[in-house]
Amino acid sequence: MEPLWPYATPGIPDRLFEQLPGIPMSQREVRLMLLSALRLSPKAVLWDIGAGTGTVTVEAALLCPKGSIVAVERDQDVATLIKNNCQRFGVTNVNVVIDNAPDCFDSLPHIPDSILVEGGRELKPLLAEAWSKLAAHGRLVATASNFQSLYAISEIFADLQVRNIEVVQTGGSRLEIRGSNQVLKPVMPTFILSGEKF
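Residues numbered from 1 in each chain as written. Predicted model: local features only at pLDDT ≥ 70, side-chain atom pairs only at ≥ 80, totals over all residues. Heavy atoms only, no water.

(A) Spotlight on the environment of I156. Looking at where I156 falls in the secondary structure, it is placed in helix α5 (residues 147-160). Ignoring sequence-local partners within four residues, the contact set of I156 consists of K124, L127 and A128. (Helix = DSSP H or I, 4+ residues; strand = E, 2+ residues; numbered from the N terminus. Contact = heavy atoms within 4.5 Å.)

So, in structure tokens, the structure goes:
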């Protein structure tokens, strides 16, 4: 049977993922920038904290078939959604953990080369604990959709002495069909902050 996404490149269209109402999903354009910021190696170990729909999890698993991807999600229904999306795309190198971050970090498999944190209630302690688990020379990537989160992430990155920090804001528009018209729908702006541990 032909795979749902038979390409080597990332950028799976959003519509190919199973979704649940109200569950966040990183749009394709944001996912591409996140994957770039993560700088995954072929055998990467990625912890995707607050994995949501599992779009980054799936794309990372496809890019790194010899790697290990750990998706952490606290809600059972959302974790099932991630598993369903992994199944849809035939990825088998994903471990979905149903638990609260950062409480579960000590029990997660593998030492991560990269950690992605997409939101969270208490960002500072979450990022500090993630940093403590990150391998030397690993990458920490976090997203912010508002200025309060951007400030909190910037502050904790400074406190942790994260190196080679990069900050990018996504933007742009996507052509969509509405009725008989073609319109440009804006991509939701997201701040992506990334850096390295030395």
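(B) Main features of the packing of aromatic side chains. As enumerated under the stated definition, the model contains four aromatic pairs in all. For the ring pair W5 and Y7, a centre distance of 4.7 Å and an interplane angle of 75° mean the geometry is edge-to-face. For W5, a relative accessible area of 16% corresponds to the buried category. Of the residues examined, Y7 reaches a relative accessible area of 51% and is grouped as exposed. Relative to F105, the ring of W47 lies with its centre 5.4 Å away and its plane at 45°, an arrangement referred to as tilted. One end of the pair, W47, is in strand β1 (residues 45-49); the other, F105, is in the loop between β3 (94-98) and β4 (114-118), with 58 residues separating them in the sequence. Here the basic side chain of K197 rests over the ring of W131, its NZ or CZ set 5.6 Å away from the ring centre. (Phe/Tyr/Trp six-rings, centres within 6.5 Å; stacked < 30°, edge-to-face > 60°. Buried < 20%, exposed > 50% of the residue type's maximum accessible area, 1.4 Å probe, protein only. Lys NZ or Arg CZ within 6 Å of the ring centre and 35° of its normal.)

(C) Broad picture of empty space enclosed by the protein. Evaluated as defined, the whole model comprises one cavity of 30 Å³ or more. If you add up the space inside the largest cavity, you get close to 40 Å³. Lining the largest cavity are W5, Y7, A8, T9, P10, E59, L62 and L63. When grouped by side-chain class, the residues that make up the lining of the largest cavity number six nonpolar, one polar and one charged. (1 Å grid on protein atoms, 1.4 Å probe; cavity = no way out; pocket = protein on both sides within 12 Å on 5 of 7 lines; lining within 4 Å. Points joined across faces, edges and corners; volume = space filled by probe spheres on them. Nonpolar A, V, L, I, M, F, W, Y, C, P; charged D, E, K, R; others polar.)

(D) Main features of α5. An ideal rise of 1.5 Å per residue puts 20 Å on 14 residues; α5 measures up with 20 Å between its terminal C-alpha atoms. Taken residue by residue, α5 has S149, L150, A152, I153, I156, F157 and L160 as its buried positions. An end-on view of α5 places all buried positions within 165° of arc, on one side of the element. Opposite the buried face of α5, at more than 90 degrees from it, the exposed residues are F147, Q148, Y151, A158 and D159. Contacts from the buried residues of α5 go to α4 (123-133), β5 (139-144), β6 (163-169) and β9 (191-196). Where α5 starts, the residue carrying a side-chain oxygen 3.2 Å from the main-chain nitrogen of Q148 turns out to be N146. One or two residues past the end of α5 sits Q161, with phi positive at roughly 60°. (Expected span 1.5 Å × (residues − 1). Arc of directions from axis to C-beta. Polar contact = N/O pair within 3.5 Å; in protein donor to acceptor, adjacent residues only side chain to side chain.)

(E) Looking closely at the environment of P42. Residue placement: P42 occurs in the loop between α1 (28-38) and β1. Taking the relative accessible area as the measure of exposure, P42 reaches 62% and is therefore exposed. Distance in space between the C-alpha atoms of P42 and L63 is 7.2 Å, their sequence separation being 21 residues. If we ignore the near neighbours within four places in the chain, the residues touching P42 are C64, P65, K66 and G67.

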